Amino acid sequence: MPIDEVIITRKIVERFSKEFIESLDVDVVIAGAGPSSLTAARYLAKAGKRVVIFERRLSPGGGMWGGGMTFPAIVVQEESKHLLEEIGVKLTNEGGGYYTADSVEASAKMIAAAIDAGARLFNAITVEDVMIRDSKVTGVVINWSAVDVAGLHVDPVSVRSKYVIDATGHAAEVCRIVQTKAGKLKTPSGRIEGEKSMWAEVGEKMTVKNTVEVFPNLYVAGMACNAVMGAPRMGPIFGGMLLSGKKVAELILRRKK
Ligand code: 48H
């Protein structure tokens, strides 16, 4: 078979254009591709929702690859372990309700499982703004992450969605944008409350409790929940992230339209 460089180029551009155009008006956009996002995407896509994830970095997976301080292992607790087991991640029972997993295996399998369920993942794209109509979020505004890195003055483009999930981790970037541009969030003070110091037991519970709709049609998942609602961080235990991802999917699936 002869190999032609221009055919390779054309196939890449054609495939990207088709998939990108199909992704311009969807059910759910998720900002960030960490563990909470990937769990939410898997459940939403499995239920038939059109789901698109935009991830700023080249590598999806967020903070999971590095385990704890780059020791490539994570901990999950009893009540969340099924969320890794159901995608084939091998767990070691460490006793007392603690389980460990290889952080690289867990990250790789979570990405694959979300995509296999039907979610579409675009990497190297940053969510830099939202669309708001009638005081409701109606989509996101995106740009190549490289544009940001290079400091280029290039206008972004827009993607419409029924719901947006802020799964951008500690920074809670989408909620910050909405706070700046639209004012009040559904938090105790109406503002972003700020993440608190390490307290794993409380942080893990609160991440799930704080998985809510923070502005009409804007949900928050994962670490961003505790940043927005004001609760502790928890270090390299990831059960709360997985349970938050599942909960946000359930909240959206319960919505009428
Ligand atoms: C597109 C963006 C943008 C943007 C950021 O941090 P993550 O892994 O997210 P979670 O919440 O699923 O998991 C948190 C967990 O990894 C963690 O940090 C824990 C448990 N910490 C505890 C502690 O005590 O420190 O992933 C977020 C992803 C990243 O890949 C970012 O690159 C990406 O979101 N991202 N993508 N547009 N504006 N902002």
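Computed from a prediction, not measured in an experiment: that's the story for all the values here. (Residues numbered from 1 in each chain as written. Predicted model: local features only at pLDDT ≥ 70, side-chain atom pairs only at ≥ 80, totals over all residues. Heavy atoms only, no water.)

Explain the pairing of strand β5 (residues 98-102) to me, please; I cannot follow it from the model alone.
Walk down a regular strand and you will see the side chains alternate between the two sheet faces. Pairing geometry for strand β3 (residues 73-77) and β5, over 5 bridges, is antiparallel. Looking at the pairing, V76 lines up with Y99 of β5. Bridge count for strand β4 (residues 92-95) against β5 is 3 bridges, and the pairing is antiparallel. Directly across from N93, in β5, lies its bridge partner Y99. What sits between the antiparallel neighbours β4 and β5 is a turn of 2 residues, in which G96 has the positive phi angle 65 degrees. (Pairing = 2+ DSSP bridges. Helix = DSSP H or I, 4+ residues; strand = E, 2+ residues; numbered from the N terminus.)

So what exactly am I meant to see when it comes to the packing of helix α2 (residues 35-46) against helix α9 (residues 239-254) here?
Two measures define how a pair of helices packs: the angle their axes make with one another and the distance between the axes. It is the contact of α2 with α9, at a shortest axis distance of 7 Å, that shows an interaxial angle of 40 degrees. With respect to α9, the axis of α2 lies oblique. For the pair α2 and α9, the sense of crossing is right-handed. In this structure, α2 uses P35, S36, T39, A40, Y43 and L44 to contact α9, whose residues at the interface are M241, L242, G245, K246, V248, A249, I252 and L253. (Axes fitted to C-alpha atoms, helices over the stretch in contact; angles between N-to-C directions. Parallel < 35°, antiparallel > 145°, perpendicular 65-115°, else oblique. Left-handed = near helix turned anticlockwise from the far one by under 90°. Contact = heavy atoms within 4.5 Å.)

Could you clarify how one ought to interpret the site of the ligand in this entry?
Not every one of the 26 residues close to the ligand is listed here, only the nearest: S36, E55, G63, M223 and R233. The backbone of M223 places a nitrogen or oxygen atom 2.8 Å from an oxygen atom of the ligand. With respect to the ligand, the side chain of R233 contributes an N or O atom lying 2.7 Å from an oxygen atom. Structurally, the ligand is housed in the largest pocket. When contributions to the shell around the ligand are tallied by element, the ones reaching two or more residues are α2, β2 (51-55) and β7 (125-133). Ranked by residues supplied to the shell around the ligand, first place goes to β7 with 3 residues. (Near = heavy atom within 4 Å. Polar contact = N/O pair within 3.5 Å; in protein donor to acceptor, adjacent residues only side chain to side chain. 1 Å grid on protein atoms, 1.4 Å probe; cavity = no way out; pocket = protein on both sides within 12 Å on 5 of 7 lines; lining within 4 Å. Sits in = over half its atoms within 2 Å of the grid points.)

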